[in-house]
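# Structure at a glance
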Amino acid sequence: FGLMACTTSPQAADAEVCKAGVSNGELRHDGANRSYRLFIPPNAGDKPLPLVVAMHGGWGTGSNLAEQSGLDAAARTHGFAVVYPNGSWRSWNAGNCCGRAASSGVDDVGFISALKDKLAGESCIDGSRVYGTGFSNGAMLANRIACERPGVFRAIAPVAGGPMIDSCETNDPVPALLVVGRDDERIPWK
């Protein structure tokens, strides 16, 4: 009886994910429960929406980035969904950086790829239009994913975070808009 009460049909799970507004979810990856915040704009209509994966900076959270970035308002205006995953110990393993996620070898490339696959399987998400962005440490992860798994994102727009990998050799480049500031002392222009 207890198991039956906990099971959810695929249609019910799809309806829950595709419900307009903010929802929180979890995805088990690499032996750990990983969390995220998802925003589906109201009046999205019947067409599947593009998805933006927005990765927070070091010591941040997905909810922090949602508050700081204004992406929910842009999604409401322009008709796209936004998911804000949470890093491990408030950090991402961007290759040579940052924090405990990097020093512990957390598979963040795999986590973001699995999250994209999960959400792309929902009826309200267009899996062929998934884009990556991030701030600082999250921007570094966006660069790493574009290099190591170019099929995850159609394009990336990392903000204030350069590549933190030694080299990127791929035959499948990902379009990128790199946003950096000349006066940024933490992630210098050079």
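As a reminder, the structure under discussion sits directly above these lines.
Remember, it's a predicted structure, so these values are computed and weren't measured experimentally.

### Looking at the layout of surface pockets
Approximately 450 Å³ is the volume attributed to the largest pocket. Gly-57, Gly-58, Trp-59, Ser-136 and Arg-186 are the residues nearest the centre of the largest pocket, which is lined by 23 residues in total. Here the lining of the largest pocket gets three residues from one element, more than from any other, and that element is helix H3 (residues 62–69). Its residues assigned to classes, the lining of the largest pocket shows eight nonpolar, 11 polar and four charged.

### Remarks on the state of the cysteines
Enumeration according to the criterion identifies three disulfides in this entry. Bridging Cys-97 to Cys-98, the disulfide has an S-S length of 1.4 Å. On the sign convention where negative is left-handed, the bridge of Cys-97 and Cys-98, at about 60° about the S-S bond, is right-handed. Cys-97 sits in the buried class, given a relative accessible area of 14%. For Cys-98, a relative accessible area of 18% puts it in the buried group. With a sulfur-sulfur separation of 2.2 Å, Cys-147 is cross-linked through a disulfide to Cys-168. When the S-S torsion is 125°, as for the bridge of Cys-147 with Cys-168, the disulfide is right-handed. With Cys-147 in helix H7 (residues 137–148) and Cys-168 in the segment after strand S6 (155–159), the pair connects residues that are 21 residues apart, well separated along the chain. Taking relative accessible area as the criterion, Cys-147 reaches 10% and is therefore assigned buried. According to the relative accessible area criterion, Cys-168 is partly exposed, its value standing at 42%.

### Some details on the nonpolar core
Leu-51, Met-55, Ile-112 and Phe-153 are the most contacted members of the largest nonpolar core, which has 29 residues in total. For this core, the secondary-structure elements that each account for two or more residues are strand S2 (32–40), strand S3 (49–55), strand S4 (81–85), helix H6 (108–120), strand S5 (125–135) and H7. A per-element tally of this core places H6 first, with five residues. Counting residues in hydrophobic clusters, the runner-up holds 10 residues, among them Phe-39, Ala-54, Ala-66 and Phe-80.

### Focus on unusual backbone geometry
A positive phi is found at Asp-30, a non-glycine position, where the angle reads about 55°. Note on placement: Asp-30 falls in the loop between strand S1 (21–29) and S2. Residue Asp-30 is classed as exposed on the basis of its relative accessible area, which comes to 61%. The phi dihedral of Ala-160 is positive, around 60°, even though this residue is not glycine. Structurally, Ala-160 is set in the segment after S6. For Ala-160, a relative accessible area of 11% gives the class buried.

Quick notes on the rules
Residues numbered from 1 in each chain as written. Predicted model: local features only at pLDDT ≥ 70, side-chain atom pairs only at ≥ 80, totals over all residues. Heavy atoms only, no water. 1 Å grid on protein atoms, 1.4 Å probe; cavity = no way out; pocket = protein on both sides within 12 Å on 5 of 7 lines; lining within 4 Å. Points joined across faces, edges and corners; volume = space filled by probe spheres on them. Helix = DSSP H or I, 4+ residues; strand = E, 2+ residues; numbered from the N terminus. Nonpolar A, V, L, I, M, F, W, Y, C, P; charged D, E, K, R; others polar. Disulfide = S-S within 2.5 Å. Buried < 20%, exposed > 50% of the residue type's maximum accessible area, 1.4 Å probe, protein only. Core = buried A, V, L, I, M, F, W, Y, C linked by side-chain atoms within 4.5 Å.

Shape descriptors only; they carry no functional weight alone.
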